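# Secondary and tertiary structure notes
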Amino acid sequence: WYETNKRNLPWRKTEDPYAVWVSEVMLQQTQVDTVIPYYERFLIEFPDVRQLAAADLQKVLKAWEGLGYYARARNLHRSAGVVCDTYGGSIPGEWKPFRALPGVGDYIASAVLSIAFGQPYAVVDGNVKRVLARLLRIKAPVNAPRYHAEFKSAADRLLDKTAAGNFNQALMELGALVCTPRQPLCRQCPLEDHCLA
């Protein structure tokens, strides 16, 4: 379903860990259509982690201007410095060192490591929680932090570990395009026959 129906988004044309990471940071709290031009301009100005690390923070913040949540840009810039100073400019492809970078939480770590490195980590965002809640009839509210572990456990159980990046993106895309918050398109859903809701 994903291969046939996925949106043509610029960050899906690469498996470069840096580009994937930039996209995931920008996509936090920001709509896809808003992110696209920022992402493209940012990668022209700072095409790799070394150039981002070497850039003046004010220049980075200027490139981020209008996206909001500026702590994301500051943390990305700080993390680029750590990657260059500690890992010789190579973004670590393992959980512990990547997760320890400034601003990298479980979601970003799971997304980048699965998409760019093929690591078997399930992502859990709002779209994924909604799909899982309906598919498995999880009664816990999707927006209550105390139930996050329940959704993470469900996502981990379903994860296709041989294609984690595509699986994660497929679940997120399903939530964005079909299993929407209001008026989901159930008749178009590839999981309709399996959905408990």
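Description of the structure in this document. (Residues numbered from 1 in each chain as written. Predicted model: local features only at pLDDT ≥ 70, side-chain atom pairs only at ≥ 80, totals over all residues. Heavy atoms only, no water.)

## Overview of the overall build of the chain
On a plain count of helices and strands, the chain comes out with 11 helices and zero strands. Scanning the chain from its N terminus toward the C terminus, one meets helices and strands in the order α-α-α-α-α-α-α-α-α-α-α. In terms of C-alpha radius of gyration, the chain reaches 17 Å, essentially the compact-globule figure of 16 Å for 197 residues. Oriented by its inertia axes, the alpha-carbon framework of the chain measures out at about 50 × 30 × 30 Å. For the chain, buried positions account for 45% of its 197 residues. (Helix = DSSP H or I, 4+ residues; strand = E, 2+ residues; numbered from the N terminus. Rg over C-alpha atoms; globule rule 2.2 N^0.38 Å. Buried < 20%, exposed > 50% of the residue type's maximum accessible area, 1.4 Å probe, protein only.)

## Overview of unusual backbone geometry
Residues other than glycine seldom take positive phi values, yet glutamine 29 does so here, at roughly 65 degrees. Turning to its location among the elements, glutamine 29 is positioned in the loop between helix 2 (17-27) and helix 3 (32-45). Here tyrosine 69, not a glycine, exhibits a phi torsion of approximately 45 degrees, which is positive. By the secondary structure assignment, tyrosine 69 is in the loop between helix 5 (57-64) and helix 6 (71-87).

## Structural notes on helix 11 (residues 164-177)
In a regular helix each residue adds 1.5 Å, so 14 residues correspond to 20 Å; helix 11 covers 20 Å between its end C-alpha atoms and thus fits that length. For helix 11, the tally of buried residues reaches 10 of 14 residues, placing the bulk of the element in the interior. Along helix 11, the positions that sit buried rather than exposed are Ala164, Gly165, Asn168, Gln169, Ala170, Leu171, Met172, Glu173, Leu174 and Gly175. The inward-facing, buried residues of helix 11 contact helix 1 (2-5), helix 8 (106-117) and helix 9 (126-135). (Expected span 1.5 Å × (residues − 1). Contact = heavy atoms within 4.5 Å.)

## Focus: the packing of helix 2 against helix 6
Two elements in contact, helix 2 and helix 6, have axes whose closest approach is 10 Å; the angle formed by their N-to-C orientations is 155 degrees. Comparing their axes, helix 6 and helix 2 come out roughly antiparallel. Crossing of helix 2 against helix 6: the hand is right-handed. Facing helix 2, whose interface residues are Trp21, Val22, Val25 and Met26, helix 6 presents Arg72, Leu76, Ser79, Ala80 and Val83. Counted by class, the contact of helix 2 with helix 6 contains seven nonpolar, one polar and one charged residues. (Axes fitted to C-alpha atoms, helices over the stretch in contact; angles between N-to-C directions. Parallel < 35°, antiparallel > 145°, perpendicular 65-115°, else oblique. Left-handed = near helix turned anticlockwise from the far one by under 90°. Nonpolar A, V, L, I, M, F, W, Y, C, P; charged D, E, K, R; others polar.)

## Concerning the pattern of salt bridges
Oppositely charged side chains may form a pair once their charged atoms are brought near each other. This structure, assessed with the given rule, holds seven salt bridges. The salt bridge partner of lysine 62 is glutamate 65, with a shortest N-O separation of 2.9 Å. Judged by its relative accessible area of 53%, lysine 62 is exposed. Among the residues examined, glutamate 65 registers a relative accessible area of 45% and is labelled partly exposed. Among the ionic pairs, aspartate 156 bridges to lysine 152, the shortest N-O distance being 2.9 Å. With aspartate 156 and lysine 152 both in helix 10 (residues 148-158) and four residues apart, the pair spans about one turn of that helix. You can call aspartate 156 partly exposed: its relative accessible area is 32%. Overall, lysine 152 belongs to the partly exposed group, its relative accessible area being 22%. One network of salt bridges, in which partners are shared, links Arg7, Arg12 and Glu173. (Salt bridge = Lys/Arg side-chain N within 4 Å of Asp/Glu carboxyl O.)

## Let's talk about the side chain of serine 23
You can see serine 23 is positioned in helix 2. Beyond its immediate chain neighbours, meaning those up to four positions away, serine 23 contacts Trp11 and Tyr39.

## Considering the environment of leucine 52
Note that leucine 52 resides in helix 4 (residues 49-54). Take leucine 52: its relative accessible area is 0%, and that puts it in the buried class. When the C-alpha atoms of leucine 52 and phenylalanine 42 are compared, they prove to be 9.5 Å apart, with 10 residues separating the residues in sequence. Each residue touching leucine 52, except ones within four places of it in the same chain, is listed here: Tyr18, Phe42, Phe46, Val60, Leu76, His77 and Ala80.

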